[in-house]
Amino acid sequence: MCLSADSTKKVLITGGAGFIGGTLIRRLLMDTSVEIFNLDKMGYASDLHGINQVLRTLGESAEGRHKHLRVNLADSKSTSTAVSFADPDLVIHLAAESHVDRSISSPLQFVESNIIGTFNLLQALLKHWENLPTQRQREFLMLHISTDEVYGSLEHKGYFSENSSYDPRSPYSATKASSDHLVNSWFHTYGLPLIRTNCSNNYGPWQFPEKLIPMVILKAFSKENIPIYGDGKNIRDWLFVEDHVEALIQVIDKGEVGRNYCIGGLNEKTNLEIVESICGVLDLLRPKYAPHSEYISYVEDRPGHDRRYAINPERILREIGWKPKYGFKQGIEATVQWYLSNLDWCSLMKKKSNYKGERIGLR
Ligand code: NAD
Ligand code: TYD
(Lines give C-alpha, C1' and ligand atoms only; values in the text may rest on other atoms or scores of the structure.)
(Ligands and ions follow the chains in the order given, each with its own letter.)
Protein backbone atom coordinates (compact mmCIF):
# COMPACT_ATOMS: atom_id res chain seq x y z
CA MET A 1 0.00 0.00 0.00
CA CYS A 2 1.53 3.29 -1.09
CA LEU A 3 1.07 6.19 1.35
CA SER A 4 1.43 8.91 -1.28
CA ALA A 5 0.69 12.62 -1.33
CA ASP A 6 -2.78 11.93 -2.80
CA SER A 7 -3.70 8.88 -0.72
CA THR A 8 -7.20 8.98 0.78
CA LYS A 9 -6.59 6.00 3.07
CA LYS A 10 -7.73 5.98 6.67
CA VAL A 11 -4.88 5.00 8.95
CA LEU A 12 -5.33 3.88 12.55
CA ILE A 13 -2.09 4.34 14.52
CA THR A 14 -1.99 2.96 18.05
CA GLY A 15 0.52 4.55 20.42
CA GLY A 16 0.69 7.68 18.24
CA ALA A 17 1.27 9.94 21.25
CA GLY A 18 4.51 8.08 22.02
CA PHE A 19 8.05 8.57 20.71
CA ILE A 20 8.01 6.49 17.51
CA GLY A 21 4.27 6.88 16.84
CA GLY A 22 4.55 10.67 17.10
CA THR A 23 7.49 10.72 14.68
CA LEU A 24 5.51 8.57 12.24
CA ILE A 25 2.38 10.74 12.49
CA ARG A 26 4.33 13.97 11.92
CA ARG A 27 5.91 12.41 8.85
CA LEU A 28 2.56 11.19 7.46
CA LEU A 29 0.95 14.59 8.08
CA MET A 30 3.77 16.33 6.19
CA ASP A 31 4.29 13.93 3.29
CA THR A 32 0.90 12.33 2.58
CA SER A 33 -2.79 13.21 2.64
CA VAL A 34 -3.97 10.20 4.68
CA GLU A 35 -6.51 10.65 7.47
CA ILE A 36 -5.00 9.64 10.83
CA PHE A 37 -6.76 8.17 13.86
CA ASN A 38 -4.33 8.25 16.76
CA LEU A 39 -5.46 5.73 19.38
CA ASP A 40 -3.53 6.31 22.60
CA LYS A 41 -4.45 5.97 26.25
CA MET A 42 -2.14 8.94 27.07
CA GLY A 43 0.18 7.15 29.47
CA TYR A 44 3.11 8.69 31.32
CA ALA A 45 5.29 8.93 28.15
CA SER A 46 2.58 10.34 25.87
CA ASP A 47 2.46 13.80 24.45
CA LEU A 48 0.84 15.58 21.53
CA HIS A 49 2.96 18.78 21.44
CA GLY A 50 5.07 17.64 18.47
CA ILE A 51 2.04 16.63 16.41
CA ASN A 52 0.23 19.87 17.29
CA GLN A 53 3.27 21.89 16.18
CA VAL A 54 3.16 20.23 12.75
CA LEU A 55 -0.62 20.67 12.50
CA ARG A 56 -0.19 24.41 13.21
CA THR A 57 2.57 24.70 10.59
CA LEU A 58 0.53 22.91 7.94
CA GLY A 59 -2.57 24.99 8.73
CA GLU A 60 -5.71 24.43 6.68
CA SER A 61 -4.20 21.69 4.54
CA ALA A 62 -4.04 19.39 7.59
CA GLU A 63 -7.38 20.32 9.09
CA GLY A 64 -9.36 17.27 10.24
CA ARG A 65 -6.57 14.86 9.28
CA HIS A 66 -5.55 13.96 12.83
CA LYS A 67 -8.05 12.67 15.36
CA HIS A 68 -6.91 11.57 18.78
CA LEU A 69 -8.95 8.74 20.32
CA ARG A 70 -8.19 8.45 24.02
CA VAL A 71 -8.65 4.70 24.40
CA ASN A 72 -6.96 2.01 26.46
CA LEU A 73 -6.49 -1.15 24.37
CA ALA A 74 -6.88 -3.18 27.55
CA ASP A 75 -10.59 -2.25 27.36
CA SER A 76 -12.10 -4.45 24.66
CA LYS A 77 -15.34 -2.51 24.28
CA SER A 78 -13.78 0.90 23.71
CA THR A 79 -11.14 -0.66 21.42
CA SER A 80 -13.88 -2.16 19.28
CA THR A 81 -15.82 1.14 19.22
CA ALA A 82 -12.65 3.03 18.22
CA VAL A 83 -11.93 0.60 15.37
CA SER A 84 -15.50 0.95 14.05
CA PHE A 85 -15.24 4.75 14.29
CA ALA A 86 -11.88 4.89 12.47
CA ASP A 87 -12.95 2.36 9.82
CA PRO A 88 -9.27 1.90 8.82
CA ASP A 89 -7.63 0.68 5.60
CA LEU A 90 -4.30 0.43 7.39
CA VAL A 91 -3.44 -0.14 11.05
CA ILE A 92 0.02 0.54 12.48
CA HIS A 93 0.22 -0.98 15.97
CA LEU A 94 2.83 0.75 18.12
CA ALA A 95 0.99 1.03 21.44
CA ALA A 96 2.88 -0.79 24.17
CA GLU A 97 4.48 -0.25 27.52
CA SER A 98 8.05 0.09 26.34
CA HIS A 99 10.58 0.54 29.14
CA VAL A 100 12.44 -2.56 30.40
CA ASP A 101 13.16 -1.03 33.83
CA ARG A 102 9.46 -0.28 34.40
CA SER A 103 8.60 -3.82 33.33
CA ILE A 104 10.76 -5.11 36.17
CA SER A 105 8.96 -2.92 38.73
CA SER A 106 5.38 -3.20 37.33
CA PRO A 107 5.04 -6.21 35.01
CA LEU A 108 1.23 -6.40 35.16
CA GLN A 109 0.85 -3.18 33.16
CA PHE A 110 2.96 -4.80 30.43
CA VAL A 111 0.74 -7.88 30.35
CA GLU A 112 -2.37 -5.67 30.16
CA SER A 113 -1.16 -3.35 27.39
CA ASN A 114 1.15 -5.53 25.34
CA ILE A 115 -0.68 -8.88 25.51
CA ILE A 116 -4.34 -8.18 26.35
CA GLY A 117 -4.21 -4.88 24.41
CA THR A 118 -2.89 -6.59 21.28
CA PHE A 119 -5.45 -9.38 21.67
CA ASN A 120 -8.32 -6.87 21.92
CA LEU A 121 -7.04 -4.96 18.92
CA LEU A 122 -6.73 -8.14 16.83
CA GLN A 123 -10.27 -9.22 17.71
CA ALA A 124 -11.69 -5.81 16.81
CA LEU A 125 -9.71 -5.69 13.56
CA LEU A 126 -10.75 -9.18 12.53
CA LYS A 127 -14.41 -8.23 12.86
CA HIS A 128 -13.78 -4.98 10.98
CA TRP A 129 -11.82 -6.69 8.19
CA GLU A 130 -14.36 -9.49 7.70
CA ASN A 131 -17.12 -6.91 7.16
CA LEU A 132 -15.24 -4.73 4.67
CA PRO A 133 -16.35 -4.64 1.03
CA THR A 134 -14.24 -6.96 -1.16
CA GLN A 135 -11.88 -4.37 -2.64
CA ARG A 136 -11.08 -2.73 0.72
CA GLN A 137 -10.77 -6.16 2.34
CA ARG A 138 -8.22 -7.17 -0.27
CA GLU A 139 -6.12 -4.04 0.33
CA PHE A 140 -6.37 -3.98 4.16
CA LEU A 141 -3.13 -4.28 6.15
CA MET A 142 -2.04 -4.34 9.80
CA LEU A 143 1.60 -3.58 10.60
CA HIS A 144 2.71 -4.79 14.03
CA ILE A 145 5.78 -3.05 15.44
CA SER A 146 8.01 -5.11 17.68
CA THR A 147 11.51 -5.21 19.03
CA ASP A 148 14.73 -7.18 18.61
CA GLU A 149 14.59 -7.88 22.37
CA VAL A 150 12.20 -10.80 21.73
CA TYR A 151 15.21 -12.76 20.44
CA GLY A 152 17.03 -12.64 23.78
CA SER A 153 20.67 -11.82 24.32
CA LEU A 154 23.75 -12.34 22.13
CA GLU A 155 27.35 -12.82 23.20
CA HIS A 156 30.20 -11.33 21.12
CA LYS A 157 29.34 -13.12 17.89
CA GLY A 158 26.25 -13.52 15.75
CA TYR A 159 23.21 -11.47 14.81
CA PHE A 160 19.44 -11.63 15.18
CA SER A 161 17.49 -12.18 11.98
CA GLU A 162 13.94 -13.10 11.00
CA ASN A 163 14.84 -16.76 11.58
CA SER A 164 16.18 -16.35 15.12
CA SER A 165 14.29 -18.23 17.78
CA TYR A 166 12.39 -16.37 20.46
CA ASP A 167 14.11 -16.16 23.85
CA PRO A 168 12.74 -13.11 25.72
CA ARG A 169 14.24 -12.43 29.15
CA SER A 170 12.54 -9.36 30.60
CA PRO A 171 8.84 -8.85 31.31
CA TYR A 172 8.92 -6.21 28.53
CA SER A 173 10.40 -8.51 25.89
CA ALA A 174 8.27 -11.47 27.06
CA THR A 175 5.06 -9.47 26.61
CA LYS A 176 6.24 -8.15 23.21
CA ALA A 177 7.08 -11.74 22.19
CA SER A 178 3.57 -12.79 23.23
CA SER A 179 2.09 -10.03 21.10
CA ASP A 180 4.20 -11.21 18.12
CA HIS A 181 2.87 -14.75 18.56
CA LEU A 182 -0.72 -13.51 18.78
CA VAL A 183 -0.27 -11.46 15.63
CA ASN A 184 1.25 -14.42 13.74
CA SER A 185 -1.57 -16.68 14.78
CA TRP A 186 -4.27 -14.20 13.67
CA PHE A 187 -2.59 -14.25 10.25
CA HIS A 188 -2.28 -18.03 9.98
CA THR A 189 -5.59 -18.98 11.60
CA TYR A 190 -7.94 -16.20 10.52
CA GLY A 191 -6.14 -14.81 7.48
CA LEU A 192 -5.93 -11.24 8.87
CA PRO A 193 -3.44 -9.50 6.52
CA LEU A 194 -0.43 -8.68 8.66
CA ILE A 195 3.22 -7.75 8.49
CA ARG A 196 5.50 -7.65 11.53
CA THR A 197 8.71 -5.70 12.09
CA ASN A 198 11.32 -6.16 14.86
CA CYS A 199 13.54 -3.14 15.31
CA SER A 200 16.63 -2.35 17.35
CA ASN A 201 16.99 0.54 19.85
CA ASN A 202 15.70 3.88 18.57
CA TYR A 203 16.93 7.33 19.56
CA GLY A 204 16.07 10.89 18.55
CA PRO A 205 13.91 13.90 19.52
CA TRP A 206 10.76 13.55 21.65
CA GLN A 207 11.81 10.38 23.50
CA PHE A 208 10.66 10.31 27.12
CA PRO A 209 13.70 11.09 29.31
CA GLU A 210 13.89 7.75 31.11
CA LYS A 211 15.59 5.89 28.23
CA LEU A 212 19.39 5.85 28.07
CA ILE A 213 20.12 8.59 25.52
CA PRO A 214 17.79 11.41 26.68
CA MET A 215 18.47 10.48 30.31
CA VAL A 216 22.24 10.87 29.82
CA ILE A 217 21.85 14.17 27.96
CA LEU A 218 19.75 15.66 30.77
CA LYS A 219 21.85 14.29 33.63
CA ALA A 220 25.14 15.46 32.07
CA PHE A 221 23.61 18.86 31.25
CA SER A 222 22.51 19.33 34.87
CA LYS A 223 25.83 18.04 36.22
CA GLU A 224 24.20 15.06 37.90
CA ASN A 225 25.66 11.56 38.08
CA ILE A 226 25.18 9.58 34.85
CA PRO A 227 24.24 6.05 35.92
CA ILE A 228 25.81 3.27 33.83
CA TYR A 229 24.43 -0.14 34.70
CA GLY A 230 27.01 -2.86 35.39
CA ASP A 231 30.29 -2.58 33.48
CA GLY A 232 28.90 -0.39 30.66
CA LYS A 233 29.89 -2.97 28.05
CA ASN A 234 26.36 -4.09 27.13
CA ILE A 235 25.81 -3.50 23.42
CA ARG A 236 22.79 -2.15 21.55
CA ASP A 237 22.33 -1.51 17.81
CA TRP A 238 21.16 2.12 17.66
CA LEU A 239 18.91 3.50 14.92
CA PHE A 240 17.80 7.13 14.47
CA VAL A 241 14.01 7.22 14.80
CA GLU A 242 13.47 8.91 11.41
CA ASP A 243 15.21 5.93 9.78
CA HIS A 244 12.88 3.53 11.61
CA VAL A 245 9.83 5.49 10.42
CA GLU A 246 11.14 5.45 6.84
CA ALA A 247 11.59 1.66 7.11
CA LEU A 248 7.98 1.26 8.31
CA ILE A 249 6.64 3.35 5.40
CA GLN A 250 8.65 1.31 2.90
CA VAL A 251 7.54 -2.00 4.45
CA ILE A 252 3.90 -0.87 4.14
CA ASP A 253 4.56 -0.06 0.49
CA LYS A 254 6.66 -3.06 -0.56
CA GLY A 255 6.44 -5.70 2.18
CA GLU A 256 4.88 -9.09 1.68
CA VAL A 257 1.81 -9.93 3.76
CA GLY A 258 2.58 -12.63 6.35
CA ARG A 259 6.30 -11.82 6.35
CA ASN A 260 8.40 -10.23 9.09
CA TYR A 261 11.29 -7.81 8.71
CA CYS A 262 14.14 -7.09 11.12
CA ILE A 263 15.21 -3.43 11.14
CA GLY A 264 18.63 -2.46 12.48
CA GLY A 265 21.03 0.45 12.30
CA LEU A 266 24.24 -1.51 11.59
CA ASN A 267 25.47 0.59 14.47
CA GLU A 268 26.55 -1.44 17.49
CA LYS A 269 27.82 0.52 20.46
CA THR A 270 28.54 -0.26 24.09
CA ASN A 271 26.60 1.84 26.58
CA LEU A 272 29.87 3.44 27.64
CA GLU A 273 30.57 4.47 24.02
CA ILE A 274 27.09 6.01 23.82
CA VAL A 275 27.58 7.97 27.03
CA GLU A 276 31.04 9.15 25.98
CA SER A 277 29.81 10.31 22.59
CA ILE A 278 26.99 12.31 24.22
CA CYS A 279 29.49 13.87 26.64
CA GLY A 280 31.74 14.68 23.65
CA VAL A 281 28.94 16.55 21.88
CA LEU A 282 28.10 18.42 25.09
CA ASP A 283 31.78 19.35 25.55
CA LEU A 284 31.75 21.00 22.11
CA LEU A 285 28.46 22.79 22.72
CA ARG A 286 29.31 23.85 26.30
CA PRO A 287 33.14 23.89 26.60
CA LYS A 288 32.89 25.82 29.86
CA TYR A 289 31.51 22.70 31.58
CA ALA A 290 33.81 20.12 29.90
CA PRO A 291 34.53 17.32 30.48
CA HIS A 292 30.93 16.15 30.97
CA SER A 293 32.25 12.57 31.27
CA GLU A 294 33.37 13.38 34.82
CA TYR A 295 29.78 12.67 35.91
CA ILE A 296 29.88 9.03 34.71
CA SER A 297 29.05 6.72 37.58
CA TYR A 298 28.86 2.91 37.52
CA VAL A 299 25.82 1.60 39.39
CA GLU A 300 24.28 -1.76 40.23
CA ASP A 301 23.39 -3.75 37.12
CA ARG A 302 19.83 -4.18 35.80
CA PRO A 303 18.41 -7.58 36.82
CA GLY A 304 18.58 -9.95 33.83
CA HIS A 305 20.44 -7.32 31.77
CA ASP A 306 20.69 -8.55 28.15
CA ARG A 307 24.32 -8.39 27.04
CA ARG A 308 24.12 -7.64 23.35
CA TYR A 309 21.51 -6.95 20.67
CA ALA A 310 22.49 -6.79 17.00
CA ILE A 311 20.36 -7.11 13.88
CA ASN A 312 21.29 -8.56 10.52
CA PRO A 313 19.05 -6.38 8.32
CA GLU A 314 19.83 -8.32 5.12
CA ARG A 315 16.16 -9.05 4.31
CA ILE A 316 14.92 -5.46 4.51
CA LEU A 317 18.00 -4.19 2.65
CA ARG A 318 17.58 -6.71 -0.16
CA GLU A 319 13.80 -7.12 -0.48
CA ILE A 320 12.60 -3.64 0.42
CA GLY A 321 15.61 -1.54 -0.58
CA TRP A 322 15.63 0.43 2.71
CA LYS A 323 18.82 1.50 4.40
CA PRO A 324 19.54 3.94 7.24
CA LYS A 325 20.29 7.51 6.09
CA TYR A 326 21.59 8.93 9.37
CA GLY A 327 25.10 8.12 10.55
CA PHE A 328 25.43 7.89 14.33
CA LYS A 329 27.48 11.11 14.59
CA GLN A 330 24.82 13.09 12.71
CA GLY A 331 21.95 11.47 14.63
CA ILE A 332 23.45 11.95 18.09
CA GLU A 333 24.46 15.58 17.42
CA ALA A 334 20.94 16.38 16.21
CA THR A 335 19.48 14.60 19.25
CA VAL A 336 21.68 16.38 21.82
CA GLN A 337 20.93 19.73 20.18
CA TRP A 338 17.20 19.00 20.17
CA TYR A 339 17.15 18.18 23.90
CA LEU A 340 19.13 21.30 24.78
CA SER A 341 16.62 23.37 22.82
CA ASN A 342 13.65 21.61 24.41
CA LEU A 343 14.48 21.55 28.10
CA ASP A 344 11.02 22.99 28.91
CA TRP A 345 9.37 20.01 27.22
CA CYS A 346 11.53 17.61 29.23
CA SER A 347 10.60 19.35 32.49
CA LEU A 348 6.94 19.31 31.53
CA MET A 349 7.04 15.56 30.73
CA LYS A 350 8.80 14.76 34.00
CA LYS A 351 6.34 16.88 35.96
CA LYS A 352 3.26 15.39 34.23
CA SER A 353 4.45 11.85 34.89
CA ASN A 354 5.90 12.52 38.34
CA TYR A 355 9.24 11.07 37.13
CA LYS A 356 12.24 12.79 38.66
CA GLY A 357 15.03 10.87 36.96
CA GLU A 358 15.25 8.29 39.72
CA ARG A 359 16.48 4.71 39.23
CA ILE A 360 13.67 2.32 38.24
CA GLY A 361 13.67 -1.48 38.06
CA LEU A 362 15.91 -2.65 40.89
CA ARG A 363 14.46 -5.64 42.66
P1 NAD B 1 6.54 4.98 23.99
O2 NAD B 1 6.50 4.42 25.35
O3 NAD B 1 7.22 6.30 23.76
O4 NAD B 1 5.07 5.12 23.40
C5 NAD B 1 4.11 4.11 23.52
C6 NAD B 1 2.73 4.74 23.45
O7 NAD B 1 1.77 3.67 23.54
C8 NAD B 1 2.44 5.70 24.62
O9 NAD B 1 1.96 6.94 24.15
C10 NAD B 1 1.39 4.95 25.44
O11 NAD B 1 0.43 5.81 26.07
C12 NAD B 1 0.72 4.09 24.38
N13 NAD B 1 0.09 2.92 25.00
C14 NAD B 1 0.69 2.01 25.81
N15 NAD B 1 -0.21 1.10 26.25
C16 NAD B 1 -1.40 1.46 25.68
C17 NAD B 1 -2.71 0.93 25.76
N18 NAD B 1 -2.97 -0.12 26.54
N19 NAD B 1 -3.69 1.52 25.06
C20 NAD B 1 -3.43 2.63 24.31
N21 NAD B 1 -2.22 3.18 24.21
C22 NAD B 1 -1.21 2.61 24.90
O23 NAD B 1 7.20 3.85 23.09
P24 NAD B 1 7.98 3.93 21.72
O25 NAD B 1 9.43 3.98 21.99
O26 NAD B 1 7.36 4.97 20.86
O27 NAD B 1 7.67 2.48 21.14
C28 NAD B 1 6.57 2.26 20.26
C29 NAD B 1 6.55 0.80 19.86
O30 NAD B 1 7.76 0.46 19.20
C31 NAD B 1 6.40 -0.17 21.00
O32 NAD B 1 5.54 -1.21 20.59
C33 NAD B 1 7.80 -0.70 21.23
O34 NAD B 1 7.77 -2.02 21.76
C35 NAD B 1 8.34 -0.68 19.82
N36 NAD B 1 9.79 -0.53 19.71
C37 NAD B 1 10.43 0.50 20.36
C38 NAD B 1 11.81 0.63 20.23
C39 NAD B 1 12.54 1.77 20.91
O40 NAD B 1 13.78 1.75 20.94
N41 NAD B 1 11.88 2.78 21.43
C42 NAD B 1 12.54 -0.27 19.45
C43 NAD B 1 11.85 -1.31 18.80
C44 NAD B 1 10.47 -1.42 18.93
P1 TYD C 1 17.20 1.50 27.47
O2 TYD C 1 17.27 2.86 26.84
O3 TYD C 1 16.37 1.33 28.70
O4 TYD C 1 16.78 0.48 26.33
P5 TYD C 1 16.74 -1.15 26.35
O6 TYD C 1 16.91 -1.63 27.72
O7 TYD C 1 15.37 -1.42 25.81
O8 TYD C 1 17.83 -1.58 25.42
O9 TYD C 1 18.68 1.06 27.86
C10 TYD C 1 19.69 0.95 26.88
C11 TYD C 1 20.91 0.37 27.55
O12 TYD C 1 21.41 1.33 28.50
C13 TYD C 1 20.64 -0.89 28.33
O14 TYD C 1 21.75 -1.77 28.19
C15 TYD C 1 20.54 -0.43 29.78
C16 TYD C 1 21.48 0.76 29.80
N17 TYD C 1 21.13 1.83 30.76
C18 TYD C 1 22.08 2.32 31.66
O19 TYD C 1 23.24 1.85 31.69
N20 TYD C 1 21.72 3.32 32.51
C21 TYD C 1 20.46 3.84 32.52
O22 TYD C 1 20.16 4.73 33.35
C23 TYD C 1 19.49 3.34 31.57
C24 TYD C 1 18.09 3.91 31.54
C25 TYD C 1 19.87 2.34 30.70
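That block above? That's the structure.
All values derive from a computational prediction rather than experimental measurement.

With that settled, consider the environment of glutamate 139. On the secondary structure map, glutamate 139 appears in helix H6 (residues 134–139). Given a relative accessible area of 37%, glutamate 139 falls into the partly exposed group. In this structure the C-alpha to C-alpha distance between glutamate 139 and serine 178, which are 39 residues apart in sequence, comes to 26 Å. Apart from the residues within four sequence positions on either side, glutamate 139 is in contact with Met1, Lys9 and Asp89. Looking at glutamate 139, its side chain comes within polar contact range of the side chain of lysine 9, at 3.1 Å. Engagement of the side chain of glutamate 139 in a polar contact is seen with the side chain of glutamine 135, the distance being 2.7 Å.

Our next topic: the site of ligand 2. The full set close to ligand 2 counts 18 residues, and Glu149, Tyr229, Arg236, Arg302 and His305 are the nearest of them. A distance of 2.9 Å separates an oxygen atom of ligand 2 from a polar atom in the backbone of leucine 212. Taking asparagine 271, its side chain carries an N or O atom lying 2.9 Å from an oxygen atom of ligand 2. Against a free-state accessible area of 510 Å², the protein chains account for coverage of 96% of ligand 2. The set of elements that each furnish at least two residues to the shell around ligand 2 consists of helix H4 (100–105), helix H8 (212–221) and strand S8 (226–229). Per-class residue counts for the shell around ligand 2 are seven nonpolar, five polar and six charged.

Between helix H5 (residues 107–130) and helix H7 (residues 171–190), whose axes approach to 8 Å, the crossing angle comes to 15°. Classified by the angle between their axes, H5 and H7 sit roughly parallel to one another. At the point where H5 passes H7, the crossing takes the right-handed sense. In this structure, H5 contributes Pro107, Phe110, Val111, Asn114, Ile115, Thr118, Phe119, Leu122, Gln123, Leu126 and Trp129 to the contact, and H7 contributes Pro171, Tyr172, Thr175, Lys176, Ser178, Ser179, Leu182, Val183, Trp186 and Tyr190.

Rules used in this analysis
Residues numbered from 1 in each chain as written. Chains lettered and ligands numbered in written order. Predicted model: local features only at pLDDT ≥ 70, side-chain atom pairs only at ≥ 80, totals over all residues. Heavy atoms only, no water. Helix = DSSP H or I, 4+ residues; strand = E, 2+ residues; numbered from the N terminus. Buried < 20%, exposed > 50% of the residue type's maximum accessible area, 1.4 Å probe, protein only. Contact = heavy atoms within 4.5 Å. Polar contact = N/O pair within 3.5 Å; in protein donor to acceptor, adjacent residues only side chain to side chain. Near = heavy atom within 4 Å. Areas by Shrake-Rupley, 256 points an atom, 1.4 Å probe, with all protein chains shown as cover. Nonpolar A, V, L, I, M, F, W, Y, C, P; charged D, E, K, R; others polar. Axes fitted to C-alpha atoms, helices over the stretch in contact; angles between N-to-C directions. Parallel < 35°, antiparallel > 145°, perpendicular 65-115°, else oblique. Left-handed = near helix turned anticlockwise from the far one by under 90°.

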